[in-house]
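Chain by chain, the residues:
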Amino acid sequence: MRGAVIYNESLKTPSYTENVQCFCSEMQLPAVSNKELYLCLKGGNLNPFPFDYAVFLDKDICAARALEKSGVRLFNSSDAVLTCDNKACTHIALSGAVPQPDTFIPPMCYFAEKDDFTVPFPYPVVIKECMGSWGKQVYLAHNQTEAKQIVQEIGSKPYIIQEYIETHGTDLRVYTIGGKAVAAMRRRNDRDFRANCEAGGIAEKCELSREMLSVAEKTAQILNLDFGGIDLMETKSGVVVIEANSSAMTKNIAGDEDDRWVFTEDNSPRQLMTASQLAGASRALKEFNDDLSREALQDAIELYESTVGDHPVIENCTSFPAATDGNSKTELARIHAAVELFLTTGDDSYKTYLLNRCDFIVENIKTLGWIICRVVHKLDNLDFTEKIRKALTGLK
């Protein structure tokens, strides 16, 4: 399988360049600019591309569509990039699913100089251009006059208006991979209401509450992000989602240079969670891309087997409740991985392991119930089934 990291050649900022270089270095993939793709239709057909998959660190939707049309698997998909690149589309996609600030989406060609120009929230308000990065197209309007001036300067470009939430220039950036949170930082800016590091903010280590974790992961899953950055704000009534990024900058993730990436850790719970996701991906890819399906399954098995034995337990895996100790986290994650691998392979070794861990599963049924229920009927063991059924009944 051949891969690449796709980037936009016109972006020359140090942070973007470093982000591209970091992905290339960590994943051992070549960097390919959108200019090098050379999109061209000849005889009604697109020119071929010399790779099978790509990490897409661009917002060039035409390039993304062309790559996918040619059979290249993108991380993230063109649909995910398109939704995240337009703040109005992001908030619409998340509506009714996760908490968000009150948001007004003006119709196209909404001219501020019209007499009927109104803002549906008390001032101050935040006005954001729908397409923008690094906080550069985000404005604070303290009154009607300022709002009209900002909208006039935006012109015909789409924008949104949101309620102003006083956070003293702070927010949270949660990084997700495969719909799971893997890192987070608190951004703080003492000189601006925008917390963006590119706007002068600084990054600090932070711990995620269960609410933050749940909201960030649900957002990433709804938007179908393979990886990304979910921006949250803390309010008196809880956290709200303010933005989602399909190619979030990673250079400011708190931590030493050699431990800020999940794939450089020795972290048994996280390795097992990754094995679960790869095993599931293997089933989804079957008959669509059999080579990639086999590769995903092989990696899942290797990850699962690599955690058997004397491996250190890292406490910062957030896939299970914070109160769970490190060893329990490893066991919870191993059971999840065993379920996914059994569903994918039917191998009796995973079945035997699950049956032997019946008592532990029952003790942790609140966490493992939804996982084990997917495979109970395939284990074909009446005693195991009865114990799981009884434990589930006790949750009512």
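Since this is a predicted model, take the numbers as computed values, not measurements.

(A) Structural detail: the overall build of the protein chain. Scanning the protein chain from N- to C-terminus turns up 15 helices and 15 strands. Residue burial in the protein chain is summarised as follows: out of 396 residues, 46% are buried. Put simply, the protein chain shows about 20000 Å² of open surface, and 51% of that area lies on carbon and sulfur atoms.

(B) Spatial organisation of the packing of aromatic side chains. In this structure the tally under the stated criterion is 4 aromatic pairs. Ring centres of Phe 23 and Phe 227 lie 5.5 Å apart, and the angle between their planes is 45°; on these two criteria the pair is classed as tilted. Remark: Phe 227 occurs in strand E14 (residues 227-235) and Phe 23 occurs in helix H1 (residues 14-27); sequence separation between them is 204 residues. Both residues of the pair, Phe 23 and Phe 227, belong to the buried class.

(C) Geometry of the packing of helix H4 (residues 78-85) against helix H5 (residues 87-94). Orientation of H4 relative to H5, taken along the N-to-C sense of each, is 105°, at an axis distance of 5 Å. As judged from the angle between their axes, H4 and H5 are roughly perpendicular. Listed contacts from H5 to Thr 83, Cys 84 and Asp 85 of H4 are Lys 87, Cys 89, Thr 90 and Ala 93. Class assignment of the residues belonging to the contact of H4 with H5 gives a composition of 3 nonpolar, 2 polar and 2 charged.

(D) Seen up close, the confidence of the model for the protein chain. Across the protein chain, the average pLDDT comes to 83, with 85% of residues at 70 or higher. Low pLDDT, under 50, characterises residues 254-265; the predicted model gives this stretch 20 contacts beyond four residues in sequence or across chains. The low-confidence segment residues 310-326, where pLDDT is below 50, has 37 contacts with residues more than four positions distant or belonging to other chains.

(E) Highlighting H5. Residues of H5 that are buried: Lys 87, Ala 88, Thr 90, His 91 and Leu 94. All buried residues of H5 project into a common sector of 160° when viewed along the axis, lining one side. Check the buried side of H5 and you find it contacts H4, strand E7 (103-104), strand E8 (125-129), strand E10 (159-163), helix H7 (210-222) and strand E15 (238-245). One side-chain oxygen at the N-terminal end of H5 lies 3.0 Å from the backbone nitrogen of Ala 88; it belongs to Asn 86. Phi turns positive one or two residues past the end of H5, at Gly 96, with a value near 75°.

(F) Quick peek at the pairing of strand E11 (residues 170-177). Burial runs high along E11: 7 of the 8 residues are buried. Inspection of the sheet shows E11 paired to strand E12 (residues 180-188) by 8 bridges, in the antiparallel sense. Residue pairing across strands places Ile 177 opposite Lys 180, the latter belonging to E12. Where E11 folds back on E12, the antiparallel hairpin that results is connected by 2 residues, among which Gly 178 adopts a positive phi of roughly 60°. Note that E11 and E14 share 6 bridges and pair antiparallel. Looking across to E14, one finds that Leu 172 is bridged to Leu 232.

Calculation notes
Residues numbered from 1 in each chain as written. Predicted model: local features only at pLDDT ≥ 70, side-chain atom pairs only at ≥ 80, totals over all residues. Heavy atoms only, no water. Helix = DSSP H or I, 4+ residues; strand = E, 2+ residues; numbered from the N terminus. Buried < 20%, exposed > 50% of the residue type's maximum accessible area, 1.4 Å probe, protein only. Areas by Shrake-Rupley, 256 points an atom, 1.4 Å probe, with all protein chains shown as cover. Phe/Tyr/Trp six-rings, centres within 6.5 Å; stacked < 30°, edge-to-face > 60°. Axes fitted to C-alpha atoms, helices over the stretch in contact; angles between N-to-C directions. Parallel < 35°, antiparallel > 145°, perpendicular 65-115°, else oblique. Contact = heavy atoms within 4.5 Å. Nonpolar A, V, L, I, M, F, W, Y, C, P; charged D, E, K, R; others polar. pLDDT = per-residue confidence, 0-100. Arc of directions from axis to C-beta. Polar contact = N/O pair within 3.5 Å; in protein donor to acceptor, adjacent residues only side chain to side chain. Pairing = 2+ DSSP bridges.

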